[in-house]
Amino acid sequence: MSVQDDFSFSSLTPDLILDAIESLGIYPESGLIALNSYENRVYQFIADDKKRYVVKFYRPNRWSSVQIEEEHEFAAQLAAEEIPLIAPMALQGKTLHQYQGYYFTLYPSVGGRSFENDNLDHLEWMGRFIGRIHLVGQKQQFKVRPNLSTDEYLKQAKHNILASNMLPNHLETAFLAILEPLCKTAEQQFNQQKYNAFRLHGDCHAGNILWRDGPFFVDLDDARNGPAIQDIWMMLSGNRDQQMLQLDTILAGYEEFCAFNAAELKLIEPLRAMRMVHYMGWIAKRWCDPAFQHSFAWFAEDKYWEQQILSFKEQLAQLNEEPLRLMSGL
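Residues numbered from 1 in each chain as written. Predicted model: local features only at pLDDT ≥ 70, side-chain atom pairs only at ≥ 80, totals over all residues. Heavy atoms only, no water.

This paragraph deals with the packing of helix H4 (residues 150–163) against helix H5 (residues 172–192). Two numbers describe how H4 lies on H5: the axes approach to 10 Å, and their chain directions differ by 165 degrees. As summarised for this structure, H4 and H5 are arranged roughly antiparallel, according to the angle between their axes. Taken as a pair, H4 and H5 cross one another with a handedness that is left-handed. Note on element contacts: H5 touches H4 through Phe175, Leu176, Leu179, Glu180, Cys183, Ala186, Glu187, Phe190 and Asn191, opposite Thr150, Leu154, Lys155, Lys158, Ile161 and Leu162. For the contact of H4 with H5, the per-class residue count stands at nine nonpolar, two polar and four charged. (Axes fitted to C-alpha atoms, helices over the stretch in contact; angles between N-to-C directions. Helix = DSSP H or I, 4+ residues; strand = E, 2+ residues; numbered from the N terminus. Parallel < 35°, antiparallel > 145°, perpendicular 65-115°, else oblique. Left-handed = near helix turned anticlockwise from the far one by under 90°. Contact = heavy atoms within 4.5 Å. Nonpolar A, V, L, I, M, F, W, Y, C, P; charged D, E, K, R; others polar.)

Position of Tyr279 relative to the elements: it lies in helix H7 (residues 268–285). For Tyr279, a relative accessible area of 33% translates into the label partly exposed. Separated by 263 residues in the primary sequence, Tyr279 and Leu16 have C-alpha atoms spaced 31 Å apart. Beyond its immediate stretch of four places on either side in the chain, Tyr279 contacts Phe296 and Trp298. (Buried < 20%, exposed > 50% of the residue type's maximum accessible area, 1.4 Å probe, protein only.)

Now for the sheet that holds strand E6 (residues 113–114). If you walk across this open sheet you meet the three strands as E6-E8-E9, and the pairing is antiparallel. Each end of this open sheet is capped by a strand with a single partner; those strands are E6 and strand E9 (215–217). Relative to strand E8 (residues 209–211), E6 runs antiparallel, the two being bridged by two bridges. Note that in E8 the partner of Arg113 across the bridge is Trp211. Across the sheet, helix H3 (residues 120–137) is in contact with E6, E8 and E9; its angle to E9 comes to roughly 40 degrees. (Pairing = 2+ DSSP bridges.)

What follows deals with the side chain of Asp203. In this fold, Asp203 is placed in the loop between strand E7 (198–199) and E8. A polar side-chain atom of Asp203 sits 3.0 Å from a polar atom in the side chain of Arg275. If sequence neighbours within four positions are ignored, Asp203 has contacts with Asn208, Asp222, Asp231, Met234 and Arg275. (Polar contact = N/O pair within 3.5 Å; in protein donor to acceptor, adjacent residues only side chain to side chain.)

Here it is as structure tokens:
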């Protein structure tokens, strides 16, 4: 039985978008420019006050209104500490609005260039700001947003992949032969490691960071409770020595504001495996959305699944290697 999300954004027409924005007393003068977002629908525009805005329409049935509001509350707390994060605007006394069945919110539009994750100066700067985010995040946990878990990132994702009927028949045996041990090993390693769970950015990769004389964080859509290392490991790249240098650099800035538990380094490779499986499950679940079929056309090609088999084999080998360590001895 397929578990694909058959929701369609087809009813989110330009007229509905404009009517929703105008219901808040904001009147677009320019056209709507679609920004790079697949899970939700995000548009940039210039209003009659000559200011540039971004409007975000949330995918229905993903987050509840209270879960979105909890994300907005976290963003407001970070902004209050002058952490450079693009927080939702409060309009008519609230940040979350509803129109014709869609939850939506407005942001000020902030430009910038891409974050250079191979720049050590940028990485140390990032470490300081992530430390500041975590200093706020540790004050309380999310109550209604979930914890990062192997149930969601491995078990549910695996189910979505297999239920989607996208896996080529002639590759099924080889794919399952590596998917099963990968999920089992990652689950064991993640769940056996004790850590302090608190509010995280949750998806802190280069695509969610803008650089304007320093980093600007965007998109708390995946914010949840989890270990500190979740907001750090996605900025690592290259071979083992390069990643160890990057870790030292990031954590040198991080520990100016927040203590780091070095035992969490054991979670890096399980988290990497979880993200790989979860990403495949996400595409599989959203495949009925035309935007996914257009942007991820390779998901339906044999070559992609063959490459994933190889990638999963490499990741399983990484899970069986010694975890990354700190060169500085923090």
